[in-house]
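# An overview of the molecular structure
What follows is the residue order along each chain.
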Amino acid sequence: DVRAAGHAIAGFSEAMAASERGLKRFLYATLYHHPSQIAAADAAREVVTGLFAAYQSDPAAMGDDWQGRMPDDAIGRARHIGDFIAGMTDRFAVNRFADLFGRSAVPAALAQT
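To start, this report covers the structure provided alongside it.

What counts and what doesn't
- Residues numbered from 1 in each chain as written.
- Predicted model: local features only at pLDDT ≥ 70, side-chain atom pairs only at ≥ 80, totals over all residues.
- Heavy atoms only, no water.
- Helix = DSSP H or I, 4+ residues; strand = E, 2+ residues; numbered from the N terminus.
- Buried < 20%, exposed > 50% of the residue type's maximum accessible area, 1.4 Å probe, protein only.
- Contact = heavy atoms within 4.5 Å.
- Areas by Shrake-Rupley, 256 points an atom, 1.4 Å probe, with all protein chains shown as cover.
- Expected span 1.5 Å × (residues − 1).
- Axes fitted to C-alpha atoms, helices over the stretch in contact; angles between N-to-C directions.
- Parallel < 35°, antiparallel > 145°, perpendicular 65-115°, else oblique.
- Left-handed = near helix turned anticlockwise from the far one by under 90°.
- Nonpolar A, V, L, I, M, F, W, Y, C, P; charged D, E, K, R; others polar.
- Core = buried A, V, L, I, M, F, W, Y, C linked by side-chain atoms within 4.5 Å.
- Patch = residues over 30% accessible without salt bridge, like charges linked within 9 Å, V, L, I, M, F, W, Y side chains within 5 Å.
- Salt bridge = Lys/Arg side-chain N within 4 Å of Asp/Glu carboxyl O.

## Some thoughts on the overall build of the protein chain
Within the protein chain one finds five helices and zero strands. Overall, the C-alpha framework of the protein chain stretches about 55 × 40 × 20 Å when taken along its three principal axes. By residue count, 21% of the 113 residues in the protein chain fall in the buried class. Considering only residue pairs separated by 6 or more positions, the protein chain has 51% of its internal contacts joining residues 24 or more positions apart. For the protein chain, the accessible surface area stands at approximately 8,000 Å², while carbon and sulfur atoms represent 56% of it.

## Quick word on helix α2 (residues 35-57)
The end-to-end C-alpha separation of α2 is 33 Å, in line with the 33 Å expected for 23 residues at 1.5 Å each. Buried within α2 are the following residues: Ala43, Val47, Gly50, Leu51, Ala54 and Tyr55. Where α2 is buried, its residues meet α4 (74-86) and α5 (90-101).

## What about the packing of α2 against α4?
Each pair of packed helices can be described by the angle between their axes along with the distance between the axes. Where α2 meets α4, the axes come as close as 10 Å, and the angle between the chain directions of the two elements is 130 degrees. Our classification of the angle between α2 and α4 gives oblique. The handedness of the crossing between α2 and α4 comes out as right-handed. Residues Val48, Leu51, Phe52, Tyr55 and Gln56 of α2 touch α4, and the partners they reach there are Arg77, Ala78, Ile81, Gly82, Phe84 and Ile85. Here the residues of the contact of α2 with α4 are counted per class, giving eight nonpolar, two polar and one charged.

## With respect to the nonpolar core
Formed by 16 residues in total, the largest nonpolar core has its most connected members in Leu51 and Tyr55. Elements supplying a minimum of two residues to this core: α2, α4 and α5. When near neighbours in sequence (up to four residues on either side) are disregarded, Tyr55 contacts Ala61, Met62, Ile81, Phe84, Ile85, Met88, Arg96 and Leu100.

## Examining the side chain of His80
Tracing the chain through its elements places His80 in helix α4. On the basis of relative accessibility, which here comes to 9%, the residue His80 falls in the buried class. Apart from residues no more than four positions distant in its own chain, His80 is found in contact with Met62, Trp66, Arg69, Met70 and Pro71.

## Things to note about a nonpolar patch on the surface
The grouping of Tyr28, Leu31 and Tyr32 at the surface amounts to a nonpolar patch, some 300 Å² of accessible area in total. Note on placement: Tyr32 falls in helix α1 (residues 14-32). Look at Tyr32 and you get partly exposed, because its relative accessible area is 41%.

Take it as geometry only, folks, not as evidence of what the structure does.
Written out as structure tokens, the structure reads:
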């Protein structure tokens, strides 16, 4: 019945909705879109992209267990490598990136990770 209603059944009061909008403006301005957060997100994207390319060109770098289960088809390989990277902690991913590309290649925004 709730799904079939076609409109929201419950929601914030006007005062609470205004407070929520204010909080969201604050969070986007001071946290989500903060220059240091943007730099960290860009650096993380660089690390993940680099790891993916490295493992795609040399699956042995993933280790015997993961390499041994590598699918033959391109889509399966991409998914397998993505799953391997997705299972990494931030620190492990940065360290693997440093192992593969050198510590100096780690983006500055993640150098302390």
